[in-house]
Every structure is written in C-alpha cells, then in structure tokens.
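Residue strings, one per chain:
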Amino acid sequence: MPETPEIPVLTIDGPSGSGKGTISRAVAARLGWHYLDSGALYRAIGVAAGWADLDLADPAALVRCAFDTDIGFRPDAAGEPRVVVNGVDATDELRTETAGAAASAIAAIPEVRAALRDRQRAFRRPPGLVADGRDMGTVIFPDARRKVFLTASAEERAERRYKQLKDKGVSVTLDGLLREILARDARDASRAVAPLRPADDAVRIDTTGLGIDTVVERVLALMHP
Ligand SMILES: Nc1ncnc2c1ncn2[C@@H]1O[C@H](COP(=O)(O)OP(=O)(O)OP(=O)(O)O)[C@@H](O)[C@H]1O
Ligand SMILES: Nc1ccn([C@H]2C[C@H](O)[C@@H](COP(=O)(O)O)O2)c(=O)n1
C-alpha cells in the first residue's frame, strides 16, 4: 500500500513519442507540482550498465547496477532538468535511441523494476506529483487521483522524434525511427511484468493531430472538472 495517499498524483503513461514528458513537465509547472520522469531512471541504468560494460543478457549484474547506480535530477542555470548518473551529467546520452533501446531491454527484468519501485514512490512529495512512464497508473501509483494514457499514431510519433532529433543536428531517417518505435512499442507492451497498458481508470487521449497546448489544456481540465 502507498504510504502517502494524501499527496495527490497525476499519472501520464503512454508509448514512446506520445508526448508524456513534454505534457507532464508543462502540467507539473502549471500545477506547481513535482515531476517524475521514470523513463530517465531506466535509461540511467542502461547507460550506467554500458559504462560498466555489463552484458544486457546478464540479469543479476543489471539488478546490482539498478541498486548501485546513483541518479540525481538537477536543474541547470536556465532551469532545464539535467540527469546526473554516478556524478556525471548524462542528460544528452540518456536521450539517444541507443539508451532508449537499452532501457526498454532492461525494463523487462522484474527485479530491475522492483529495485526502482521505491525510488519512484519517493518522488511523491507535497503539494503533488506528475509521474510519466509506462506503469505509473497501473503499478507505481495505483491510487493516483487522475490517470491519463496518451497515444498517437506510430507515424506521427516517428515524425515528432524525427523533427526533435533533426533540430538537435542528429542524423536519422524517418523509416528507421518508425521501425525503432514499433519495436519498442512491441517490447514494452509484451513483457510479462508491468507491460505498457492503460490503467482501467485511465482517461485516454489520442494526441494525433493535436498541438502541445491543446493536450496540456485537456489534461489540466481533468484536474479541475
Ligand atoms: N501533441 C504534440 N504535438 C506535436 N509534437 C509533440 C506533441 N507532444 C510532444 N511533441 C513533441 O514530440 C517529441 C517527443 O515528445 P516527448 O519526448 O515528450 O515524448 P515521450 O512520450 O516522453 O517520449 P519517450 O517515451 O521516448 O521519452 C518532442 O519533440 C515534443 O516536443
Ligand atoms: N515506467 C517506465 C518507464 C520507462 N520504461 C522503459 C520502457 C521504455 O522503452 C524505456 C525508456 O522510457 P522513456 O524514456 O522512453 O519513457 O524505459 C518502463 O518500462 N517503465
């Protein structure tokens, strides 16, 4: 049972590129609540495992890595969130498709998920928390005040990612990104433990063709019905 049910939580789950991070950050800022990017924790373990040359097929080593890796979230001078892994600013490395694929692979190991469970719940602090991921509404915060499940067509998600990476000067192809998104969707949705799926009481929002501001307002409207 959660220890702090009186602190409200809004969970925003969904597949890669559905806009969870963008929408969650904006909604958290508008509400004045804390924000948990749970994917960053899985990505940080994947990156730390890479630095330590661990085998992604060695669950015992990855579980140790999940317990031992120090992960901190700190804003930079401009207030942008940075992720510090074992003392190193790994924010940019975390956002690569390689880190996303490693995170998706290690996230299928039940003991890794268990190792991160309490770390995620510790983000629940007053006045409230917006938590984004895959199992925020189903497993980590089942008693959340509101649960949202964001979707968008795989093609639109690939286009969003394409634009995002192009803007950063990263060379990618739309076809390659679409293939990676479909592969990640399949892996995240088919794993035995905490698969990607909407909680029964989640409100689904299909963001295909919707702008960021529209989605933010729809989510906020759910908080003030
Ligand atoms: N409704 C939207 N309309 C257009 N672009 C959007 C929308 N929501 C998010 N984006 C853009 O899509 C890209 C991916 O968004 P974001 O990183 O928030 O997705 P995500 O679901 O958190 O992805 P991941 O699970 O891979 O971290 C960003 O460039 C973001 O600005
Ligand atoms: N609650 C979560 C968050 C993330 N994951 C896994 C699955 C994703 O493919 C990967 C990276 O997440 P992202 O940064 O893209 O949101 O991490 C998970 O299983 N559960």
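Cut-offs applied
- Residues numbered from 1 in each chain as written.
- Chains lettered and ligands numbered in written order.
- Predicted model: local features only at pLDDT ≥ 70, side-chain atom pairs only at ≥ 80, totals over all residues.
- Heavy atoms only, no water.
- UniProt positions renumbered as here; feature names shortened; annotations may be inferred.
- Near = heavy atom within 4 Å.
- Polar contact = N/O pair within 3.5 Å; in protein donor to acceptor, adjacent residues only side chain to side chain.
- Areas by Shrake-Rupley, 256 points an atom, 1.4 Å probe, with all protein chains shown as cover.
- Helix = DSSP H or I, 4+ residues; strand = E, 2+ residues; numbered from the N terminus.
- Nonpolar A, V, L, I, M, F, W, Y, C, P; charged D, E, K, R; others polar.
- 1 Å grid on protein atoms, 1.4 Å probe; cavity = no way out; pocket = protein on both sides within 12 Å on 5 of 7 lines; lining within 4 Å.
- Points joined across faces, edges and corners; volume = space filled by probe spheres on them.
- Axes fitted to C-alpha atoms, helices over the stretch in contact; angles between N-to-C directions.
- Parallel < 35°, antiparallel > 145°, perpendicular 65-115°, else oblique.
- Left-handed = near helix turned anticlockwise from the far one by under 90°.
- Contact = heavy atoms within 4.5 Å.

- Looking at an unreviewed UniProt entry, the protein carries the name Cytidylate kinase, with the source organism given as Luteimonas salinisoli.
- Word for word, the UniProt comment on the protein under Subcellular location (unreviewed entry) is "Cytoplasm".

### Considerations on the site of ligand 1
- Inspection of the region around ligand 1 gives 18 residues, with Lys20, Gly21, Thr22, Arg95 and Arg161 positioned closest.
- Within the contact set of ligand 1, an oxygen atom lies 3.0 Å away from a backbone nitrogen or oxygen of Gly19.
- Considered on its own, ligand 1 offers 630 Å² of accessible surface; in the complex 83% of this is hidden by protein.
- Of all elements in the fold, only helix H1 (20–31), helix H8 (154–167) and helix H10 (212–223) reach the threshold of two or more residues within the shell around ligand 1.
- When the residues that make up the shell around ligand 1 are grouped by side-chain class, the tally is 4 nonpolar, 8 polar and 6 charged.

### Re empty space enclosed by the protein
- All chains considered together, the criterion is met by 1 cavity of 30 Å³ or more.
- Its boundaries defined by the atoms lining it, the largest cavity holds a volume of some 40 Å³.
- A breakdown of the residues in the lining of the largest cavity according to their chemical character gives 1 nonpolar, 1 polar and 3 charged.

### Side note on the packing of H8 against helix H9 (residues 174–190)
- Closest axis-to-axis distance for the H8/H9 pair is 9 Å, and the angle between their directions is 125°. If you check the angle between H8 and H9, you find them oblique. When the axes of H8 and H9 are compared, the crossing they make is right-handed. Of the residues in H9, those touching H8 at Ala154, Glu155, Arg157, Ala158, Glu159, Arg161, Tyr162 and Leu165 are Leu174, Leu177, Leu178, Ile181, Leu182 and Asp185.
- Of the residues belonging to the contact of H8 with H9, the class tally is 9 nonpolar, no polar and 5 charged.

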